[in-house]
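# Architecture at a glance
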Amino acid sequence: MSDAVSIIDIKVNEATREVTVSLKYESFVIALSDYEGTDIKAGDIVDELLYDRLTFLSEKLACMKKAVRALSYAPKSEFMLKLKLRESYSDDVIEPVLEKLRELRYTDDDGLALRYAEKLACKSYFGPLRIRAKLRTYEFAVNCIDDAMAAVDDAAYLDGMSRRIKKRFGEISRPDEHTRRIITDYLLRYGFINEQINEYISEL
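## Observations concerning the pattern of salt bridges
- For the structure on display, the rule yields 13 salt bridges.
- Among the salt bridges present, the one from Lys60 reaches Asp34, with a minimum N-O distance of 3.1 Å. Within this pair, whereas Lys60 is found in helix 2 (residues 48-73), its partner Asp34 is found in helix 1 (residues 32-35), the two being separated by 26 residues in sequence.
- A relative accessible area of 16% places Asp34 in the buried class.
- With a shortest N-O distance of 3.2 Å, Lys41 and Asp44 are connected by a salt bridge.
- Using a relative accessible area of 17% as the deciding quantity, one classes Asp44 as buried.

## Observations concerning the sheet that holds strand 1 (residues 9-13)
- Spatial strand order, 1-2-3: three strands in an open sheet with antiparallel pairing. Each end of this open sheet is capped by a strand with a single partner; those strands are strand 1 and strand 3 (27-31). With strand direction ignored, the average angle separating the axes of adjacent strands in the sheet is 20°.
- Summarising the sheet, strand 1 and strand 2 (residues 18-22) pair through five bridges and their orientation is antiparallel. Counterpart to Asp9 in the pairing with strand 2 is Ser22.
- Of the strands in this sheet, strand 2 and strand 3 are in contact with helix 2, which crosses strand 3 at around 60°.

## Focus on the nonpolar core
- Ranked by internal contacts, the top residues of the largest apolar core, which has 27 residues, are Ile131, Leu135, Phe140 and Leu187.
- At the level of elements, helix 5 (109-122), helix 6 (128-137), helix 7 (142-151), helix 8 (154-169), helix 9 (177-188) and helix 10 (194-202) are the ones that each hand at least two residues to this core.
- At six residues, the largest contribution of residues to this core is made by helix 5.
- Not counting residues up to four positions away in its chain, the partners in contact with Ile131 are Ala117, Leu120, Ala121, Phe126, Met149 and Tyr157.
- Core analysis: the next-biggest nonpolar cluster, separate from the first, contains 15 residues, Ile7, Val21, Leu23 and Val46 among them.

## A closer look at the environment of Phe169
- Residue position: Phe169 is located in helix 8.
- C-alpha of Phe169 to C-alpha of Ala62: the two residues are 107 residues apart in sequence and 53 Å apart in space.
- What Phe169 contacts, discounting residues up to four positions off in sequence, is Ile182 and Tyr186.

## Some remarks on the packing of helix 6 against helix 7
- Direction vectors running N to C along helix 6 and helix 7 enclose 145°, while the axes themselves pass 10 Å from each other. Between helix 6 and helix 7 the crossing geometry is right-handed. Two secondary-structure elements touch here, helix 6 through Pro128, Ile131, Arg132, Leu135 and Arg136 and helix 7 through Ile145, Asp146, Ala148 and Met149.
- Tallied by class, residues from the contact of helix 6 with helix 7 come to six nonpolar, no polar and three charged.

## A short note on the layout of surface pockets
- The volume enclosed by the largest pocket comes to roughly 390 Å³.
- In terms of lining residues, the largest pocket is bounded by 16 residues, among which Ala31, Ser33, Leu61, Met64 and Lys100 are the most central.
- Listed by contribution, the elements that provide at least two residues to the lining of the largest pocket are helix 1, helix 2 and helix 4 (91-103).
- A breakdown of the residues in the lining of the largest pocket according to their chemical character gives eight nonpolar, two polar and six charged.

Conventions and cut-offs
- Residues numbered from 1 in each chain as written.
- Predicted model: local features only at pLDDT ≥ 70, side-chain atom pairs only at ≥ 80, totals over all residues.
- Heavy atoms only, no water.
- Salt bridge = Lys/Arg side-chain N within 4 Å of Asp/Glu carboxyl O.
- Helix = DSSP H or I, 4+ residues; strand = E, 2+ residues; numbered from the N terminus.
- Buried < 20%, exposed > 50% of the residue type's maximum accessible area, 1.4 Å probe, protein only.
- Pairing = 2+ DSSP bridges.
- Axes fitted to C-alpha atoms, helices over the stretch in contact; angles between N-to-C directions.
- Contact = heavy atoms within 4.5 Å.
- Core = buried A, V, L, I, M, F, W, Y, C linked by side-chain atoms within 4.5 Å.
- Left-handed = near helix turned anticlockwise from the far one by under 90°.
- Nonpolar A, V, L, I, M, F, W, Y, C, P; charged D, E, K, R; others polar.
- 1 Å grid on protein atoms, 1.4 Å probe; cavity = no way out; pocket = protein on both sides within 12 Å on 5 of 7 lines; lining within 4 Å.
- Points joined across faces, edges and corners; volume = space filled by probe spheres on them.

Printed below as a string of structure tokens:
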């Protein structure tokens, strides 16, 4: 900054937990928790270092608000949330925001992956291969996907196969070899594996 600029006013809003730092021609809104970690006060000269710091803290608060809004509309994996935030902010701003969200448990990839897996098994009636592929599209970590898949009850897959077959073919009892092949091919398309399919067919 070429000309000397000072902080004209600092207003603390306890209700919103935000602080407005006003200069002559602009102002910065930062989180109260970030402000409490500084020693800035009205009258301080704003050099380039302080200006950059205020800019960063202001962007960080705005980024946090955008993240919370995005999560309020629908759960998102950290990766998908990061893609959304990158539309407006740099990684230097995003990373501390994600760290804070983890601390507040606003993001929980393990829990989210499990909820998605259970929904796909119990509501969409997909098999494990289709579910695993779907979870990969949300960019969950491999171990996160593995844990979610391991937690899905086998009974959910049997129920899913039963519902799909009844909806597509109606009630089937003691299917012949031709019908078994048709059922197998149909269920394979929805991500069920041969072991599950054979178990299901043996109970018809």
